[in-house]
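Working through the structure, step by step
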Amino acid sequence: MTEGTSRISMTAVPDQVLLTRCAEAETCADPSSVMTLLGESAGGAGGGFTSYRSTFAEGAAGAPAHFHTSATELFFVISGSLRVLVGEEVTVLNAGDFLAVPPYTPHAFAAAPGAEADVLFVFTPGMGRFDYLRLLSRVMRGEADPKEIAESSERFDNHYVDSPVWRASLESSA
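Before going into details, it helps to say that this report is about the structure given with it. Values in this document were obtained by computation on a predicted structure and should not be read as measured data. (Residues numbered from 1 in each chain as written. Predicted model: local features only at pLDDT ≥ 70, side-chain atom pairs only at ≥ 80, totals over all residues. Heavy atoms only, no water.)

**Observations regarding the nonpolar core**
Note the cut-off: What makes a nonpolar core is a set of buried Ala, Val, Leu, Ile, Met, Phe, Trp, Tyr and Cys residues whose side-chain atoms join them at distances within 4.5 Å. Relative accessibility thresholds used throughout: buried, under 20% of the residue-type maximum; exposed, over 50%; partly exposed, between the two (1.4 Å probe, protein chains only). Here a helix means four or more residues in a row that DSSP labels H or I, a strand means two or more in a row labelled E, and each is numbered from the N terminus. Any two residues whose heavy atoms approach within 4.5 Å at even a single point are treated as in contact.
Phe56, Phe75, Leu82, Phe109 and Val119 are the most contacted members of the largest nonpolar core, which totals 29 residues. Where this core is concerned, the elements lending two or more residues are β3 (33–41), β4 (49–56), β6 (72–86), β8 (98–101), β9 (107–111), β10 (117–124) and α1 (130–140). Per-element accounting of this core gives the leading share, five residues, to α1. In contact with Phe75, other than residues within four places in its own chain, are Leu82, Leu93, Asp97, Phe98, Leu99, Val101, His107, Phe109, Val119, Leu120 and Phe121. Ranked by size, the runner-up nonpolar core spans five residues in total, among them Ala65, Leu85, Ala108 and Trp166.

**Here's the deal with the packing of aromatic side chains**
The criterion, for reference: Aromatic rings from Phe, Tyr and Trp, taking only the six-membered ring of Trp, are treated as a pair when their centres fall within 6.5 Å; an angle between ring planes under 30 degrees marks them as stacked, one over 60 as edge-to-face, and anything in between as tilted. Counted as over-ring charges are cases with an Arg CZ or a Lys NZ within 6 Å of the ring centre that also lie within 35 degrees of the ring normal.
Under the definition given, this model contains eight aromatic pairs. Residues Tyr52 and Phe121 carry aromatic rings whose centres are separated by 4.9 Å and whose planes lie at 15 degrees to one another, so their mutual orientation is stacked. With Tyr52 in strand β4 and Phe121 in strand β10, the pair connects residues that are 69 residues apart, well separated along the chain. As far as the burial class goes, Tyr52 and Phe121 line up, both buried. Aromatic side chains Tyr52 and Phe123 sit 6.3 Å apart centroid to centroid with 15 degrees between the ring planes, which places their arrangement in the stacked category. With Tyr52 in strand β4 and Phe123 in strand β10, the pair connects residues that are 71 residues apart, well separated along the chain. Using a relative accessible area of 4% as the deciding quantity, one classes Tyr52 as buried. On the basis of relative accessible area, Phe123 is assigned to the buried category, the value being 2%. Each residue in the set Tyr52, Phe56, Phe75, Phe109, Phe121 and Phe123 is aromatic and connected to the rest through ring pairs, giving one cluster. The side chain of Arg83 reaches across the aromatic face of Trp166, ending 5.9 Å from its centre.

**Topic: the pairing of strand β5 (residues 61–67)**
Threshold: In this scheme, strands are said to pair when DSSP sees at least two bridges between them.
Across three bridges, β5 lies against β9 in antiparallel orientation. Of the residues in β9, the one forming a bridge with Ala61 is Ala110. Here β5 runs beside strand β11 (residues 159–160); their pairing, made up of two bridges, is antiparallel. Bridged to Phe67 within β11 is His159.

Below, the structure is given as C-alpha cells:
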C-alpha cells in the first residue's frame, strides 16, 4: 500500500491485509461498556481471527463464566485493571498484562473492583463473532431477549457454565 491509501473493511478476505481506522470502526455500546469492532477474518493460512477493543466503566460486568470449543481467546490490558476467572482461579490483570485462554478452559471477566479497564480481545481462529457482540449489546440495552444468547451458543462457540468461584468473587466485591 502506498501512503494515504488503505483497504478499509470490517470483514477481510482470507490472507488479505485488513486495516480498520479507529474513526471508522463500528461500536456497540451498553450502559457500562463500549466495544469497538476492529476486524475479523474467517480463515486463510493463519486460521483467521476476530479482534475488538472493550472499555469497561468502573465496576462494569464483562462476560459470565463460559468456554470456547475451538477458539483461543487472547486478552491484552491497555489500561486499568480487569478481574479474570481462568479455570478455578481468579486473578487481576493490569495495564500491559497479556493472557491467552485455550479452548475448553472456563473463563470470565469484569472490570476489577474500583477500576476501569480498556482491553484488546483477539480470538483465533476467527468465526464471525461480530454478530454475537452486536446481539450482546442489544440484550444489555434491553432491545433483545437474553434467550437469543443461549440459542446462539453453537453458532458463536460461546458456552456458558456455572462457576461458584466466579460468583463468590463478584459477591465479595459488591
